[in-house]
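Each chain, written out:
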Amino acid sequence: MSLLKLLKMLFFGPRVTEPKKSFEDQEFEKIGADIKKEIRRLYGGRSLRIRAVDGGSTNAEEIELTALGNAYYDIDRFGLSFVASPRHADMLFVTGPVTRNLERAVKTTYEAAPQPCIVVAIGDGACIGGIWKDSYAVVGAVDKVIPVHVRIPGDPPTPTEILKGILAALRSAKK
Amino acid sequence: MKSVEIIAEFQEARTTYEAPGIVRAEVSRNDLSRIAAALVGRHGLALSLLFAADNRQEKHAFELHAVFSNDAAHERLVLSAEVPEQDAWYSSITATVAAAHWYERYLHDMFGIEPKGHPDLRRLIHHENVPEGTFPLRKDFAWNAKMEHADVPYPMQHVEGEGIYEIPVGPIHAGVIEPGHFRFNVAGERIINLEGKLFFTHKGVEKILEGKTVGEGLPFIERLSGDMAAANALAYCQAVEAIAGIEIPKRAKMLRSLLNELERMTMHVHDLANIGGMGTGYSFVAANGFRIKERIMRLSARVLGNRFWRGMIVPGGLSQDFTKEQLQDILETAKEAYWEMREVVELALASDGFLDRLQTTGVLPKEAALAFGAVGLSARASGVDRDVRRDYPYAAYGEYPMPVVTKNTGDVYARYKARLDELEQTMGFIEKMVSEMADGEIMTAIEIKDGFAIGAVESWRGEILYALEIKDGVIERCFPRDPSFCNWALFGILGPGNIVPDFPICNKSLNLSYSGTDM
């Protein structure tokens, strides 16, 4: 891109970002601010690390968890982030009805996380086994495999519902 | 050449059924593999599906069905063979048609039918915990059976030699993605052999569907793969409607196509952002792409009440209609998303560093794509000119044809550009659907009948096939074949030769569904 073209685009080009007010969601911002406070109360620090584990979901839950990182939600602002290893996690997200083939993986992930670790079941499958409950290939809800502290129902829950669930989880946790 | 003419060449085959778009013939279990080889090798048909059904109650035998696609004649040719209960084997197709290899391992696991002569009959779907002799798709296996926990070996490919080592990855990955296990055998950075172990999210959907009514089955179908709800529902409903022999109103057809293209747009935007941004570290593309995708998901929430294009397609038509204002909303949101995404991608494509990561990476040769039965965008990016929307038109695609996008280089770049080009076609199609939307009904009264049909849809990933048999008003057998099922094998081809750090971008460029494959 030539310099002239660049300058032209910068000064006369169309808008390339959106003004904040066009997508600011008051409810979401409020939950985020509360989460920030809770994190400080619980950990005395500024951040909460989450490890997401797919226990057998349909990938809809994963889509919503990924959406939490996009510019509309951007949960990093509130001190929340997904980490690559359970060793770094304060909180475990488990999705889907836990399948027989993933039972061991879910268990080992939980064992690898430092205690205390808050476990959150995300989606109907994870909370109650969903429509696949009792199938020969499915163990069932997450609490059949590891202890669960908070449940976020939904098919799948929306990003806002997930954030609300995180807040509820933190509020119920003792220091 | 018409399918009936082709099948007439084989004296061993007996044509049993003929209808527009489908021809069925019976063969013996000994002849099946030979005829299959001739159909694929000599006549250039593609093996699109291989599945079994348990008919031991009536005939003391399993039924085996191989579905071939005769694209030129727009017909599917189904070869059926009987496999006796006591002596459940047939001669393997894989020996000559590589595309059959997963289907046959699948049959072996789920029915206990042995494809004699199969070169690699390891377990596929059953993991270590499943006891020997478990055949979930046999009719005498209960859908809610409680199985013991066994520890049967699940061997994987392994290369030995000086300086060669193995990297196991997964099933729990570093990112927020689905579970699968991969073994990289490498020398230095370069991949020598790559094999995946899947079916971690196997939920037993195929078994659960047996005995359900068509309506009861639909929620499972929409939840086979979260990112492909509309396409799966459409393929399923088309099979149901084909059996019932009904035609849906024009408006319903157009709205179905519109939904399908909206789903394609959602996921192509996602993939352009994911490959371009997360795959290469060019986070500008990801940040903008995911923002644009969110807007399309919110559009779905506005017009359908959920973020996944679910709930609208039902047997007989649609469960709800769109108002003029909603259609206008769809058009405007789609247009804005398209133009913004285009701008973002064009900036990325002007970067040499970006192109370096995409070009010549993860090459899938056309021969391999054909041999392994690759489908969809990944196959078209390697020069395989197939698209269900053109070859087997459904919904509104007969009246409003979609041009087929193909590329020749078969690398990540080809798949990236193919998505961009398809996005352009999709945008044009959405505009056409909205501006020329027909008035009228959205439902045809449907009476569920018994019978067999195949439902086919070109999803954003590729060809979805449903083999559906209804008996006594309930589902007797339903085999949903996700395009990912065909394309997973491609990793063994396009992986080796690349360096390990390029695997994520190869993976993202195919974007296969684990849940859709595992069922």
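All values reported here derive from a predicted model rather than from experimental measurement.

1. Some points on the overall build of chain A
Moving on, step 1. Along chain A, the regular secondary structure elements total six helices and seven strands.
Moving on, step 2. The dimensions of chain A, computed from C-alpha atoms along their principal axes, are 65 × 40 × 30 Å.
Moving on, step 3. Expressed as a percentage of the 175 residues in chain A, the buried residues total 56%.
Moving on, step 4. For chain A, the share of sequence-separated contacts (at least 6 apart) that also reach a separation of at least 24 residues comes to 83%.

2. Side note on unusual backbone geometry
Moving on, step 1. Here Asp155(A) and Pro156(A) are connected by a cis peptide whose omega angle stands at -10 degrees.
Moving on, step 2. The residue Pro156(A) is located in the loop between strand 7 (150-152) and helix 6 (159-172) in this model.
Moving on, step 3. Residues Gly170(B) and Pro171(B) are joined by a peptide bond in cis, for which omega reads 15 degrees.
Moving on, step 4. Positioned with a positive phi, Thr360(B) is a non-glycine residue whose angle comes to about 65 degrees.
Moving on, step 5. Mapped onto the elements, Thr360(B) comes out in the loop between helix 11 (352-358) and helix 12 (366-371).
Moving on, step 6. Its relative accessible area of 64% is what places Thr360(B) among the exposed residues.
Moving on, step 7. With a phi angle near 50 degrees, Met519(B) is a residue other than glycine that sits in the positive phi range.

3. A look at the sheet that holds strand 1 (residues 48-54) of chain A
All names here are of chain A.
Moving on, step 1. Read across the sheet, five strands follow the order 2-1-3-5-7 without closing on themselves; strand pairing throughout is parallel. On the outer flanks of this sheet lie strand 2 (80-82) and strand 7, each paired with one strand and no other. Here the average twist between neighbouring strands, direction ignored, is 25 degrees.
Moving on, step 2. Strand direction decides the pairing type here: strand 5 (residues 118-122) and strand 7, joined by three bridges, are parallel. Counted as the bridge partner of alanine 121 is arginine 151 from strand 7.

4. Thoughts on the pattern of salt bridges
Residues and elements named next belong to chain B.
Moving on, step 1. Scanning all chains against the criterion turns up 61 salt bridges over all chains.
Moving on, step 2. Aspartate 120 is paired through a salt bridge with arginine 105; the nearest N and O atoms lie 3.9 Å apart. You can see aspartate 120 sitting in the loop between strand 7 (114-116) and strand 8 (164-169) and its partner arginine 105 sitting in helix 4 (residues 101-111), a full 15 residues away along the chain.
Moving on, step 3. A salt bridge links glutamate 340 to arginine 295; its shortest N-O distance comes to 3.2 Å. Note that glutamate 340 is positioned in helix 10 (residues 324-349) and arginine 295 in helix 9 (residues 283-304), a separation of 45 residues in sequence. The burial state of glutamate 340 is the same as that of arginine 295; both residues are buried.

5. Points about the domain arrangement of chain B
Quite often, the size of an interface is put as the accessible area lost when its parts meet.
Residues and elements named next belong to chain B.
Moving on, step 1. When its domains are assigned, chain B resolves into domain 1 (3-116), domain 2 (164-197) and domain 3 (228-313 + 323-488).
Moving on, step 2. Tallying the contact residues gives 26 residues for domain 1 and 22 residues for domain 3.
Moving on, step 3. Buried area between domain 1 and domain 3, both sides added, is near 2,000 Å², and the carbon and sulfur share of it is 65%.
Moving on, step 4. On inspection of domain 1 and its partner domain 3, the count reaches three salt bridges.
Moving on, step 5. The partner of arginine 386 in a salt bridge is aspartate 71, and the shortest N-O contact between them spans 2.6 Å.
Moving on, step 6. Our count for the contact surface shared by domain 1 and domain 3 stands at twelve residue pairs in polar contact (both at pLDDT 80 or more).
Moving on, step 7. Contributing elements (two or more residues each) for the side of domain 1 that touches domain 3: strand 2 (22-27), strand 3 (46-55), strand 4 (61-70), strand 5 (75-84) and helix 4.
Moving on, step 8. At eight residues, strand 3 tops the list of elements feeding residues into the side of domain 1 that touches domain 3.
Moving on, step 9. Of the residues in the side of domain 1 that touches domain 3, the class split is 15 nonpolar, five polar and six charged.

6. Some thoughts on the interface of chain B and chain A
Moving on, step 1. The interface of chain B with chain A comprises 56 residues on the first partner and 47 residues on the second.
Moving on, step 2. Taking both partners together, chain B and chain A bury about 4,000 Å²; carbon and sulfur atoms supply 56% of that area.
Moving on, step 3. When the area that chain B buries against chain A is broken down by residue, the three leading residues are Ile172(B), Val176(B) and Lys203(B), summing to 17%.
Moving on, step 4. One can count three salt bridges joining chain B with chain A.
Moving on, step 5. The shortest N-O distance in the salt bridge between Asp155(A) and Arg223(B) comes to 2.7 Å.
Moving on, step 6. Inspection of the region where chain B meets chain A yields 25 residue pairs in polar contact (both at pLDDT 80 or more).
Moving on, step 7. Sorting the residues of the side of chain B that touches chain A by element identifies helix 5 (205-209), helix 6 (214-222), helix 9 and helix 10 of chain B as the ones contributing at least two each.
Moving on, step 8. Considering each element in turn, the side of chain B that touches chain A owes the most residues, seven residues, to helix 9 of chain B.
Moving on, step 9. Of the residues contributing to the side of chain B that touches chain A, the split by class is 26 nonpolar, 13 polar and 17 charged.

7. Some words on the packing of helix 8 (residues 250-278) of chain B against helix 10 of chain B
Residues and elements named next belong to chain B.
Moving on, step 1. Between helix 8 and helix 10, the shortest axis-to-axis distance is 11 Å and the interhelical angle comes to 30 degrees. The angle between helix 8 and helix 10 falls in the class roughly parallel. Where helix 8 crosses over helix 10, the two elements pack in a sense that is left-handed. On the side of helix 8, the interface is formed by Arg251, Leu255, Leu258, Leu262, Met265, Val269, Leu272 and Ala273, while helix 10 contributes Leu327, Ile330, Ala334, Tyr338, Met341 and Val345.

Basis of the calculations
Residues numbered from 1 in each chain as written. Chains lettered and ligands numbered in written order. Predicted model: local features only at pLDDT ≥ 70, side-chain atom pairs only at ≥ 80, totals over all residues. Heavy atoms only, no water. Helix = DSSP H or I, 4+ residues; strand = E, 2+ residues; numbered from the N terminus. Buried < 20%, exposed > 50% of the residue type's maximum accessible area, 1.4 Å probe, protein only. Contact = heavy atoms within 4.5 Å. Pairing = 2+ DSSP bridges. Axes fitted to C-alpha atoms, helices over the stretch in contact; angles between N-to-C directions. Salt bridge = Lys/Arg side-chain N within 4 Å of Asp/Glu carboxyl O. Domains from an automatic or database assignment. Buried area = accessible area lost by both parts, 1.4 Å probe. Polar contact = N/O pair within 3.5 Å; in protein donor to acceptor, adjacent residues only side chain to side chain. Nonpolar A, V, L, I, M, F, W, Y, C, P; charged D, E, K, R; others polar. Parallel < 35°, antiparallel > 145°, perpendicular 65-115°, else oblique. Left-handed = near helix turned anticlockwise from the far one by under 90°.

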